[in-house]
Amino acid sequence: MRAIYVHGGVSGTPKAPVPLGGAVHAGMRSGSAIDAIQAAVMALEDDPALNAGYGATLTRDGRIELDAGIAAGGHSGAVAGVRVRNPIVLARRVLEDTPHVLIAGRGATLLGADLPVLEDTTPEQRETWQRGNRSGALADEHYGDPDYVDTVGAVALDDSGRLAAGSSTGGVFGKLPGRVGDSPIFGAGFYASDLVAVVGTGVGELFIATQASFRVAHLVENGADPQTACEQIVGFIAARGPVAAAGLLALDRDGRAGMAFRGGSWSVEGPDGPVEATRLA
Ligand code: ASP
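Summarised in this report is the structure supplied together with it. No experiment lies behind these values; they were computed from the predicted model shown. (Residues numbered from 1 in each chain as written. Predicted model: local features only at pLDDT ≥ 70, side-chain atom pairs only at ≥ 80, totals over all residues. Heavy atoms only, no water.)

Attention now goes to the nonpolar core. The biggest cluster of nonpolar side chains holds 43 residues, and the ones touching the most others in it are Ile4, Val6 and Val79. Among residues more than four places away in sequence, those in contact with Ile4 are Val24, Gly27, Met28, Ala36, Ile37, Ala40, Ala154, Val155, Ala156, Glu269, Gly270 and Pro271. Core analysis: the next-biggest nonpolar cluster, separate from the first, contains 21 residues, Ala78, Val155, Ala165 and Met259 among them. (Core = buried A, V, L, I, M, F, W, Y, C linked by side-chain atoms within 4.5 Å. Buried < 20%, exposed > 50% of the residue type's maximum accessible area, 1.4 Å probe, protein only. Contact = heavy atoms within 4.5 Å.)

Printed below as a string of structure tokens:
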């Protein structure tokens, strides 16, 4: 594996950095870019501190509904509203074992019938939900509040020059049951072609509306360097309205990484350890 960059979700208010080295190492030990994405994202999904897999935030009615997407070479697979422990595994199954790109609901449950079910989220997430339920913070008018926006993702480049991207999330705190975010939408929350891999984090509705990951990729595919492209598209998203937190991470086939965000903090790590993403005003 030549390079992998992983992130632990952007937050509106500054947070202590989340250690992500385990996920980077899991990815770097893999042979292909897509294996690296699966291994890294599984490690992130198993981390109780992150809003994906085990540490997922809950829906407004207190249930677990997870989204994930994975892509390589312009092909993608994704699942929405699932309850398996590692949704990225199921997303990859959609990519490799079905003629589809996104499977939700009962069909996704059937496709993942042999995978371990996520019985519950962490006690901390349950408590956050209970507090929110008591205080009214789950209501529409608080949707997308900065503290509650964070997901996980990764981009990888292997020794054969193949790129891959993956994203996984519990979604945004206060989401309605059945709400699907950007993490399983190719071009919105993740994207990978032969030239560039991209993942995003922030309130998914905005990433879908702006096709943010595709926009970054389009710039890189037309000659921009990944850093410039990420900065430009974070600025583009922000120009659409008030954005408390949004981050974009990209990797091109030359191994050049770019990352930019708005908000309080964003933990990103690469092969050489934590990386300081450019924070835009
Ligand atoms: N993008 C995710 C979603 O909207 C949330 C996040 O990035 O934290 O579901």
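And the narrative resumes.
Across the sheet, which stays open at both edges, the five strands sit in the order 7-8-9-10-13 with mixed pairing between neighbours. Across the chains shown, the open sheet's two edge strands, defined by having one partner strand only, are strand 7 (190–192) and strand 13 (278–279). Where strand 8 (residues 196–202) and strand 9 (residues 246–252) come together, seven bridges link them in antiparallel fashion. Each residue of the ladder has a partner; that of Val199, found in strand 9, is Leu249. (Pairing = 2+ DSSP bridges. Helix = DSSP H or I, 4+ residues; strand = E, 2+ residues; numbered from the N terminus.)

Below, the discussion takes up the environment of Glu96. Following the sequence through the fold, Glu96 ends up in helix 3 (residues 87–97). A residue is classified by how much of its surface remains accessible, and Glu96, at 46% relative accessible area, is partly exposed. Placed 20 residues apart in sequence, Glu96 and Ser76 show a C-alpha to C-alpha distance of 8.8 Å.

What follows deals with helix 5 (residues 123–135). With 13 residues, helix 5 extends 18 Å from end C-alpha to end C-alpha; this agrees with the ideal 18 Å at 1.5 Å per step. Here helix 5 has its buried residues at Gln125, Thr128, Trp129 and Gly132. The arc that holds every buried residue of helix 5, seen down its axis, measures 100 degrees, which confines them to one face. In the stretch just after helix 5, Gly136 is the one whose phi turns positive, near 90 degrees. (Expected span 1.5 Å × (residues − 1). Arc of directions from axis to C-beta.)

Right, let's talk about the pattern of salt bridges for a bit. This structure, assessed with the given rule, holds 10 salt bridges. The closest approach of N and O atoms between Asp140 and Arg60, which form a salt bridge, is 2.6 Å. Within this pair, whereas Asp140 is found in the loop between helix 5 and strand 5 (152–157), its partner Arg60 is found in the loop between helix 2 (33–46) and strand 2 (66–72), the two being separated by 80 residues in sequence. Taking the relative accessible area as the measure of exposure, Arg60 reaches 22% and is therefore partly exposed. (Salt bridge = Lys/Arg side-chain N within 4 Å of Asp/Glu carboxyl O.)

Let's shift gears to the site of the ligand. Taken together, 13 residues lie around the ligand, and Asp150, Arg179, Asp182, Gly202 and Gly204 are the ones closest in. For the ligand, an oxygen atom lies 2.8 Å from a polar atom in the side chain of Arg179. Contact between the ligand and Gly204: an oxygen atom at 2.7 Å from a main-chain N or O atom of the residue. Burial of the ligand by the protein chains amounts to 100% of its free accessible area of 260 Å². The residue makeup of the shell around the ligand, split by class, is three nonpolar, seven polar and three charged. (Near = heavy atom within 4 Å. Polar contact = N/O pair within 3.5 Å; in protein donor to acceptor, adjacent residues only side chain to side chain. Areas by Shrake-Rupley, 256 points an atom, 1.4 Å probe, with all protein chains shown as cover. Nonpolar A, V, L, I, M, F, W, Y, C, P; charged D, E, K, R; others polar.)

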